[in-house]
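Architecture at a glance
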Amino acid sequence: MSLHILVTGGAGYIGSHVCVALLEGGYQVTVIDNFSNSHPEALERVAKLGGGAVTLIEADLADEGSIDFIRQQVAERPVHGAIHLAGLKAVGESVAKPALYYHTNINATLNLIEIMGAVGSNTIVFSSSATVYGEGNKNPLTEAAVSYAPTNPYGRTKYYNENILRDLYISNNDWRIANLRYFNPVGAHPSGLIGEDPQGTPNNLFPYIAQVAVGRREKLSVFGGDYPTRDGSGVRDYIHVQDLASGHVAALQFLHNQQEGCTADVNLGTGKGVSVFEAISAFERVSSRAIPFEVTARRPGDLAEVYADVTLARQLFDWEAKYDLEQMCADHWRWQMQNPSGYNG
Ligand code: UDP
């Protein structure tokens, strides 16, 4: 019998790649999504790539009024776990609308817990973020990094959700919880059929670079050229979204293989830092396009350098990232070229 996994936010950037990886791994997949920042077309393409159907529950997981409906739908089949990605993710917007972020991201988690309890399933893989580490830690960041002071409401929702799930395990040791702390997901499925489809002006580096390369935007602003890094620009640990997706499947397998309940906080990154200038050069090489840029002021809240210690993921999940920067750029570029306006055209 194949295992049945709920994927909240399954139509989104990371969710769609996770769904394909699950289908390829022989899992049955049910997506809960309200398409607030995603497109139904993504799920059509997931089914094509994964060679299997995806059941959709179109609903807002953060909405109290939708819980009965979702629970009824979920209860129609046995559930063997959830991968919880539903939530809002724009740092700047979270500063402007903190209540919206707390309401949406925390309620989605609380409602998922209630639904999982009601259907008798105790396995949750949570989409957390390296942003939980906040400032003042030493690279590479280990899971035990000490500061744990996220610098914005978005990061705090990730931090609180991790703690909610940990408290859940403390209340009942049958729960199996993995908080996956993503570094910087980039790239796309090598088919070019699914990828990141940001609404409006992209906040993140790679989507912005890709839109400059394709001619949708004039030039990139490099936020800060005077950081104490090797070339003055910010350094991050970019991870191919395909690696991230396989990391979720590995986490799920780890939780299912445990004799007892457990909780684990695990970094998903490559362990390597890449600067903004290095990312620009790699993208230019791969796309054969020039990326005009201008160095501007630092973006408030940005850290100079962030990269992961990836030892724990290797130990617990027998997983490590395998795609390099060239591959990340090549796949991101293919997606951008094939879908210049995202899923809308
Ligand atoms: N960045 C930049 N220009 C942009 C977007 C990002 O120079 O238009 C830099 C940013 O300062 C950071 C890196 O690129 O050093 C990654 O930023 P991103 O927003 O993608 O991820 P973050 O690490 O901030 O979550």
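Quick summary incoming for the structure in this document. All values derive from a computational prediction rather than experimental measurement.

**Considerations on the packing of aromatic side chains**
The description of two aromatic rings rests on the distance between their centres and on the angle between their planes. Evaluation of the coordinates by the stated rule reveals eight aromatic pairs. Judged by centre distance (5.1 Å) and plane angle (50 degrees), the rings of Phe-206 and Tyr-238 are tilted. Residue Phe-206 is located in helix 7 (residues 205-213), and its partner Tyr-238 is located in strand 10 (residues 238-240); the two are separated by 32 residues in the primary sequence. The buried category is assigned to Phe-206, whose relative accessible area is 1%. Assessed through its relative accessible area of 6%, Tyr-238 is described here as buried.

**As for the sheet that holds strand 4 (residues 82-84)**
Backbone hydrogen bonds are what pair the strands of a sheet, in a parallel or an antiparallel way. Strand order in the open sheet made by the seven strands is 3-2-1-4-5-6-11, with parallel pairing throughout. The outermost strands of the open sheet, each flanked by one partner alone, are strand 3 (54-58) and strand 11 (262-268). Neighbour-to-neighbour, the strand axes of this sheet turn through a mean angle of 20 degrees, independent of strand direction. Relative to strand 3, strand 2 (residues 28-33) runs parallel, the two sharing five bridges. Residue pairing in the sheet places Val-29 in a bridge with Val-54 of strand 3. The strands that helix 6 (residues 153-171) touches are strand 5 (123-129), strand 6 (176-182) and strand 11; relative to strand 5, the one it contacts most, it runs at about 155 degrees.

**Describing the site of the ligand**
Residues in close proximity to the ligand total 14 residues, the closest being Ser-221, Phe-223, Arg-236, Arg-299 and Asp-302. In this structure, Asn-184 approaches the ligand through a side-chain N or O atom, which is 2.9 Å from an oxygen atom. Contacts to the ligand include Asp-302, whose side-chain N or O atom sits 2.6 Å from an oxygen atom. Coverage of the ligand by the protein chains reaches 86% of its 520 Å² of free accessible surface. Its residues assigned to classes, the shell around the ligand comprises six nonpolar, five polar and three charged.

**Comments concerning the side chain of Asn-152**
With respect to the helices, strands and loops of the structure, Asn-152 is situated in the loop between strand 5 and helix 6. For Asn-152, a relative accessible area of 7% translates into the label buried.

**Remarks on the pattern of salt bridges**
By the definition in use, this model includes 16 salt bridges. Ionic pairing is found between Glu-162 and Arg-181, a salt bridge with its closest N-O pair at 2.7 Å. In this pair, Glu-162 sits in helix 6 while Arg-181 sits in strand 6, placing the two residues 19 residues apart along the sequence. Both residues of the pair, Glu-162 and Arg-181, count as buried. Its salt-bridge partner being Arg-314, residue Glu-320 comes within 2.9 Å of it at the nearest N-O pair. What makes Glu-320 partly exposed here is its relative accessible area of 48%. When its relative accessible area of 41% is taken as the criterion, Arg-314 is described as partly exposed. One network of salt bridges, in which partners are shared, links Glu-162, Arg-166, Arg-181 and Asp-265.

**Here's the deal with unusual backbone geometry**
A cis amide bond, omega -5 degrees, links Asn-139 with the succeeding residue Pro-140. Within the secondary structure, Pro-140 is located in the loop between strand 5 and helix 6. At Asp-318, a position not held by glycine, the phi torsion is positive, near 55 degrees. You can see Asp-318 is positioned in the loop between helix 10 (311-317) and helix 11 (325-338).

Each value, and the rule that gives it
Residues numbered from 1 in each chain as written. Predicted model: local features only at pLDDT ≥ 70, side-chain atom pairs only at ≥ 80, totals over all residues. Heavy atoms only, no water. Phe/Tyr/Trp six-rings, centres within 6.5 Å; stacked < 30°, edge-to-face > 60°. Helix = DSSP H or I, 4+ residues; strand = E, 2+ residues; numbered from the N terminus. Buried < 20%, exposed > 50% of the residue type's maximum accessible area, 1.4 Å probe, protein only. Pairing = 2+ DSSP bridges. Axes fitted to C-alpha atoms, helices over the stretch in contact; angles between N-to-C directions. Contact = heavy atoms within 4.5 Å. Near = heavy atom within 4 Å. Polar contact = N/O pair within 3.5 Å; in protein donor to acceptor, adjacent residues only side chain to side chain. Areas by Shrake-Rupley, 256 points an atom, 1.4 Å probe, with all protein chains shown as cover. Nonpolar A, V, L, I, M, F, W, Y, C, P; charged D, E, K, R; others polar. Salt bridge = Lys/Arg side-chain N within 4 Å of Asp/Glu carboxyl O.

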